[in-house]
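Residue-level listing of the chains:
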Amino acid sequence: MRENFLVPRDIEDPKFGAYSGTSFEERVLRAYSLGMLETKGDDDKASLKVCTYCGGKQHVRDDCPELL
Ligand SMILES: [Zn+2]
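Report follows, based on the coordinates. (Residues numbered from 1 in each chain as written. Predicted model: local features only at pLDDT ≥ 70, side-chain atom pairs only at ≥ 80, totals over all residues. Heavy atoms only, no water.)

Looking now at the overall build of the protein chain. When you go through the protein chain residue by residue, the secondary structure sums to 1 helix and 2 strands. Listed N to C, the secondary structure of the protein chain is β-α-β in terms of helices and strands. Taking all 68 residues of the protein chain together, the buried fraction comes to 31%. A separation threshold of at least 6 residues defines the contact pool for the protein chain, and within that pool the share at least 24 residues apart is 34%. Summed over all atoms, the accessible surface of the protein chain reaches about 4600 Å², with 47% contributed by carbon and sulfur. (Helix = DSSP H or I, 4+ residues; strand = E, 2+ residues; numbered from the N terminus. Buried < 20%, exposed > 50% of the residue type's maximum accessible area, 1.4 Å probe, protein only. Contact = heavy atoms within 4.5 Å. Areas by Shrake-Rupley, 256 points an atom, 1.4 Å probe, with all protein chains shown as cover.)

Now for the coordination of the zinc ion. Coordination sphere of the zinc ion, protein contribution only: Cys 51 (SG), Cys 54 (SG), His 59 (NE2) and Cys 64 (SG), at 2.1 to 2.4 Å. One can describe the donor arrangement at the zinc ion as tetrahedral, given that its 4 donor atoms subtend angles of 103 to 119° at the metal. Here the donor residues for the zinc ion map to a single chain with the spacing C-x2-C-x4-H-x4-C. (Donors = N, O, S within 2.8 Å, 3.2 Å for Na, K, Ca; no water. Tetrahedral: all angles 85-135°; square planar, octahedral: opposite > 155°, others 65-115°.)

Time to look at the environment of Leu 37. Within the secondary structure layout, Leu 37 lies in the loop between helix H1 (24-33) and strand E2 (38-39). Residue Leu 37 is classed as buried on the basis of its relative accessible area of 1%. C-alpha separation for the pair Leu 37 and Leu 6, spaced 31 residues apart in sequence, amounts to 6.3 Å.

In this section: the nonpolar core. The biggest cluster of nonpolar side chains holds 8 residues, and these are Phe 5, Ile 11, Val 28, Ala 31, Tyr 32, Leu 37, Leu 48 and Val 50. Counting residues per element, this core draws most heavily on H1, at 3 residues. (Core = buried A, V, L, I, M, F, W, Y, C linked by side-chain atoms within 4.5 Å.)

What follows is about the environment of Ser 33. The residue Ser 33 is located in helix H1 in this model. Within polar-contact distance, the side chain of Ser 33 engages the backbone oxygen of Arg 30 at 2.7 Å. (Polar contact = N/O pair within 3.5 Å; in protein donor to acceptor, adjacent residues only side chain to side chain.)

What follows covers H1. All of the buried residues along H1 are Arg 27, Val 28, Leu 29, Ala 31 and Tyr 32. At its buried positions, H1 is contacted by strand E1 (5-6). At the C-terminal side of H1, Gly 35 shows a positive phi close to 75°.

Structure below.
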């Protein structure tokens, strides 16, 4: 995740859904799923597939092998 997205400095802010018990990675995934993260480099946010369940690339949550 982190190598593909610009993670805002205020990722710990409640507006990103931060609450006790969530990890940094979970907050990043949540922010991504809300469309709040910008991609780095030439990646197009609309076409870059990142699974919000496992954080894997090349698939989205609906196609996640861990959920099948
Ligand atoms: Zn997945």
